[in-house]
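The chain contents come next:
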2 protein chains.
Amino acid sequence: MKKYLFLLLTVAVLSVGFSGVVAASPLQGSEDDVYYMVTFVSGIEYWKPAFKGMEAAAKNLGVTVKYTGANDYDINQQVTVLEQVIAKKPAGILLTCINPDALKRPINGAIEQGIPVVTFDADSPKSDRYSFLATSNYSAGVKAARYLAELNNEKGEVGLITIPGQLNHEERAAGFKETIANEYPNMEVASVQDGKSDQAASAAAMGAMLQAHPNLVGVFTTEASTGVGAATAVKEADKVGDVNIISFDVDKGTLDFVKSGVIDATIAQGTWTMGYWGEMFLFHLANDLLTPIDGDWKTAKVAPLPAYVDTGVSIVTKDNVEYFYGK
Amino acid sequence: MKKYLFLLLTVAVLSVGFSGVVAASPLQGSEDDVYYMVTFVSGIEYWKPAFKGMEAAAKNLGVTVKYTGANDYDINQQVTVLEQVIAKKPAGILLTCINPDALKRPINGAIEQGIPVVTFDADSPKSDRYSFLATSNYSAGVKAARYLAELNNEKGEVGLITIPGQLNHEERAAGFKETIANEYPNMEVASVQDGKSDQAASAAAMGAMLQAHPNLVGVFTTEASTGVGAATAVKEADKVGDVNIISFDVDKGTLDFVKSGVIDATIAQGTWTMGYWGEMFLFHLANDLLTPIDGDWKTAKVAPLPAYVDTGVSIVTKDNVEYFYGK
């Protein structure tokens, strides 16, 4: 009996000791700490991988995350939803902004109350949010240009179908055009068309481009429905394989064309990564784990977090397309 | 006796249960996991906050970090040091690169062996490193311009002393010049001089600028010894307060001039932040905590980490200068 008692005592002491050490991990929170993701047009597929990333971080940290947002593309609605979330006094808010300025006041109000706010995908740059995680659209365009060049031995005329006047598309287009001009002396952007974010318009633009430029070896479309339109036109013109298409994003229509080989590659954004590191950043702020300066970073006026994170892109081809369905 | 036994049994079971839950934290490593920071000119003050940040992350994660690097500004020496570190098969390497291409081969070799590599401060962009954390020099120049504008009610002639031909300085200068041109119609960059990374040369350039532009209200110096030189000249010309100086980095000479009010502000880089999140990134790779896609991100060819992190800058003035001594 004494033997058992001793054994049990040992186990108890060791366990308490062990759990004591491990429980001290500053990277473990409580399930009572609730973090929110707030979006707009909250029902679309696009936000799902971002929230999955946030959930993955929350699981590792032992905290709770909740998803909400404005149902519609409506500024006042998003302001209201954000204010309702702030009223719950959450541990932190990971926010994507319908517009750069509309959410500035509630964001700054939350931060004044001590609720950390980090933005992702679309920013409010003049607000006091601590960090912003998003795709560098320029870099994504650079990557598209390099991949298209690789497919064509760095030679030939290429085209671009984009949405002029819309900042993220202008940036993708600029990254593509400047890379072709600067890095590939034997390549040329022979035609730039407006896809109007519409399949039929993009198919027409692609058809016209094929007629005007019979030697075209490839095209970059900066948006998913543009890519699907271009794919339809290239297929109809019986030019699959002769004209390489690089598209953007990973909706089902695009992935199906990648799978069937009409679209050669599409650019997947790092939305999961935005959610994962966004939650990590919020947890660090909420638990005051960032001491870039001895003493108090608030008094020292030191930026506690990275100002901006380019979450990067991945190239989706026939070889890895299966992984992207249902993401 | 039975009562005690029962109590002990309960404690043991609870403790084991508790420690089981807590010990399962995926964000706790082992002290046997050793991560390295590898630099060049390894003895300078500049790397210290970066390694402090790496140590802070290691403490939170329960792992070990070690510091090493090439003593001199010598490419072959850094290659040798890096290869020696790789031979130890560490859990990960946080590396700053003496030159963009020299370390590409050992970096890729490490990654092939399964040793994750992340770069900071200076990159090897064509290597397979998973991420790069650094100051956006352009953004730092933007911030300098905005602060100088704020000090002068967005009016007046300003100057710039930089190092033409050196990429990071060209970027800081471009951020400054473009921001003044685009955001402040009543301001003008009246003079751009070469400070030659030398105090005496910068003092001479500043002196000449003051004579040629008697209405000058401020100057941005993109480097620390340039700032100290400019401060000396402004002091000698008895123009302290009339000509605002915004400098760069936080060496003792610069901070002393901030403290005495000759330099109005200096830009502090987020080197601590590079070290902290660099270690976090490496830990996540080493422990396979990143699942941006169901299944294996390596097979799916998905970027597991942010491509680039702009660690941001902080503005150091008389008000917060004390925090930056000895950092």
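Quantities reported herein were computed from a predicted structural model and do not represent experimental measurements.

### Comments concerning the sheet that holds strand β9 (residues 244–248) of chain A
Residue and element names in this part refer to chain A. Pairing is mixed across the open sheet formed by six strands, whose spatial order is β7-β6-β8-β9-β10-β12. Two strands bound the open sheet, and with one partner strand each, they are β7 (187–194) and β12 (313–316). Neighbour to neighbour, the strand axes of the sheet diverge by 20 degrees on average, direction disregarded. Of the strands in this sheet, β6 (156–162), β7, β8 (218–221), β9, β10 (265–269) and β12 touch helix α5 (residues 137–151), which is tilted by about 160 degrees from β9. Across the sheet, helix α8 (residues 224–236) touches β6, β8 and β9, and the angle it forms with β9 is around 160 degrees.

### Points about the nonpolar core
In terms of nonpolar packing, the biggest core is built from 156 residues, with A:M206, A:W277, B:M206 and B:W277 touching the most fellow members. Once residues lying within four places of it in the same chain are set aside, the contact partners of A:M206 are A:I161, A:L216, A:V219, A:A230, A:A233, A:V234 and A:V243. Core analysis: the second largest hydrophobic core is formed by 21 residues, B:Y147, B:L148, B:A149 and B:V158 among them.

### Describing helix α9 (residues 252–259) of chain B
Residue and element names in this part refer to chain B. Taken together, the buried positions of α9 are occupied by T254, L255, F257 and V258. One face of α9 carries all of its buried residues, which in axial projection span an arc of 160 degrees. Packed against the buried residues of α9 are α8 (224–236), β9 (244–248), β10 (265–269) and β12 (313–316). Two residues or fewer past α9, G261 is found with a positive phi of approximately 85 degrees.

### Quick word on the side chain of B:N320
With respect to the helices and strands, B:N320 occurs in the segment after β12. If near-sequence neighbours (up to four positions away) are discounted, B:N320 is found in contact with A:T299, A:A300, A:K301 and B:I315.

### Quick look at the UniProt feature "domain: Periplasmic binding protein" (unreviewed entry) in chain A
Within the UniProt annotation, "domain: Periplasmic binding protein" (unreviewed entry) is assigned to residues 37–286 of chain A. Across residues 37–286 of chain A, helical content stands at 48% and strand content at 20%; the span's end C-alpha atoms are separated by 15 Å.

### Examining the domain arrangement of chain A
Residue and element names in this part refer to chain A. By the assigned domains, chain A splits into domain 1 (34–135 + 271–290 + 304–312) and domain 2 (137–268). The straight-line distance from the C-alpha centre of domain 1 to that of domain 2 is 32 Å. Of the roughly 250 Å² buried between domain 1 and domain 2, counting both surfaces, carbon and sulfur atoms make up 43%. Interface area lost by domain 1 to domain 2 is led by Y46, T135 and D310, which between them contribute 89%. Where domain 1 meets domain 2, there are zero salt bridges. Where domain 1 touches domain 2, the interface holds one residue pair in polar contact (both at pLDDT 80 or more). The residue inventory of the side of domain 1 that touches domain 2, partitioned by class, reads one nonpolar, two polar and one charged.

### Quick word on the packing of aromatic side chains
For the structure on display, the rule yields 23 aromatic pairs over all chains. Taken together, a centroid distance of 5.1 Å and an interplanar angle of 70 degrees make the contact between B:Y276 and B:W277 edge-to-face. Comparing B:Y276 with B:W277 shows no difference in burial state: the two are buried. Taken together, the ring pairs connect A:W272, A:Y276, A:W277, A:F281, B:W272, B:Y276, B:W277 and B:F281 into an aromatic cluster. For A:R172, the ring lying beneath its charged end belongs to A:F248, and the centroid distance is 3.7 Å.

### Here we look at the pattern of salt bridges
Residue and element names in this part refer to chain A. Following the criterion strictly, the structure yields ten salt bridges over all chains and no others. Where D256 meets K252, a salt bridge forms, and the shortest distance between an N and an O atom there is 2.8 Å. With D256 and K252 both in helix α9 (residues 252–259) and four residues apart, this pair spans about one turn of that helix. Residue class for K252 comes out exposed when judged on its relative accessible area of 54%.

### Considerations on helix α3 (residues 75–87) of chain A
Residues and elements named next belong to chain A. An ideal rise of 1.5 Å per residue puts 18 Å on 13 residues; α3 measures up with 19 Å between its terminal C-alpha atoms. In this structure, the buried side of α3 is in contact with β1 (34–40), β2 (64–70), β3 (92–95) and α4 (104–112). One or two steps after α3, the chain reaches K89, where phi turns positive at roughly 50 degrees.

### Here's the deal with the side chain of B:T226
Residues and elements named next belong to chain B. Along the chain, T226 turns up in helix α8. Judged by its relative accessible area of 0%, T226 is buried. In contact with T226, not counting residues within four places along its chain, are I161, G195, S197, S202 and T221.

### Some details on unusual backbone geometry
Residues and elements named next belong to chain B. Non-glycine residue S197 carries a positive phi angle of around 55 degrees. Within the secondary structure, S197 sits in the loop between β7 (187–194) and α7 (199–212). Residue S197 is classed as partly exposed on the basis of its relative accessible area, which comes to 38%. With a phi close to 50 degrees, D288 is a non-glycine residue in the positive phi region. Locating D288 in the fold gives a position in the loop between α10 (271–286) and α11 (297–300).

### Focus on the environment of B:D264
All names here are of chain B. Mapped onto the secondary structure, D264 falls in the loop between α9 and β10. Spatially, the C-alpha atoms of D264 and A173 are 18 Å apart, while their sequence positions differ by 91 residues. Setting aside anything within four residues of it in sequence, one finds D264 in contact with L151, V243, N244, I245, V316 and T317.

### Some words on the environment of B:F281
On the secondary structure map, B:F281 appears in helix α10. When its relative accessible area of 2% is taken as the criterion, B:F281 is described as buried. Once the C-alpha coordinates of B:F281 and B:G92 are considered, the two residues, 189 residues apart in sequence, prove to be 9.4 Å apart. Those residues in contact with B:F281 that sit more than four places away from it in its chain are A:W277, B:V118, B:S131, B:L133, B:L305, B:P306 and B:V309.

Conventions used here
Residues numbered from 1 in each chain as written. Chains lettered and ligands numbered in written order. Predicted model: local features only at pLDDT ≥ 70, side-chain atom pairs only at ≥ 80, totals over all residues. Heavy atoms only, no water. Pairing = 2+ DSSP bridges. Helix = DSSP H or I, 4+ residues; strand = E, 2+ residues; numbered from the N terminus. Axes fitted to C-alpha atoms, helices over the stretch in contact; angles between N-to-C directions. Contact = heavy atoms within 4.5 Å. Core = buried A, V, L, I, M, F, W, Y, C linked by side-chain atoms within 4.5 Å. Buried < 20%, exposed > 50% of the residue type's maximum accessible area, 1.4 Å probe, protein only. Arc of directions from axis to C-beta. UniProt positions renumbered as here; feature names shortened; annotations may be inferred. Domains from an automatic or database assignment. Buried area = accessible area lost by both parts, 1.4 Å probe. Salt bridge = Lys/Arg side-chain N within 4 Å of Asp/Glu carboxyl O. Polar contact = N/O pair within 3.5 Å; in protein donor to acceptor, adjacent residues only side chain to side chain. Nonpolar A, V, L, I, M, F, W, Y, C, P; charged D, E, K, R; others polar. Phe/Tyr/Trp six-rings, centres within 6.5 Å; stacked < 30°, edge-to-face > 60°. Lys NZ or Arg CZ within 6 Å of the ring centre and 35° of its normal. Expected span 1.5 Å × (residues − 1).

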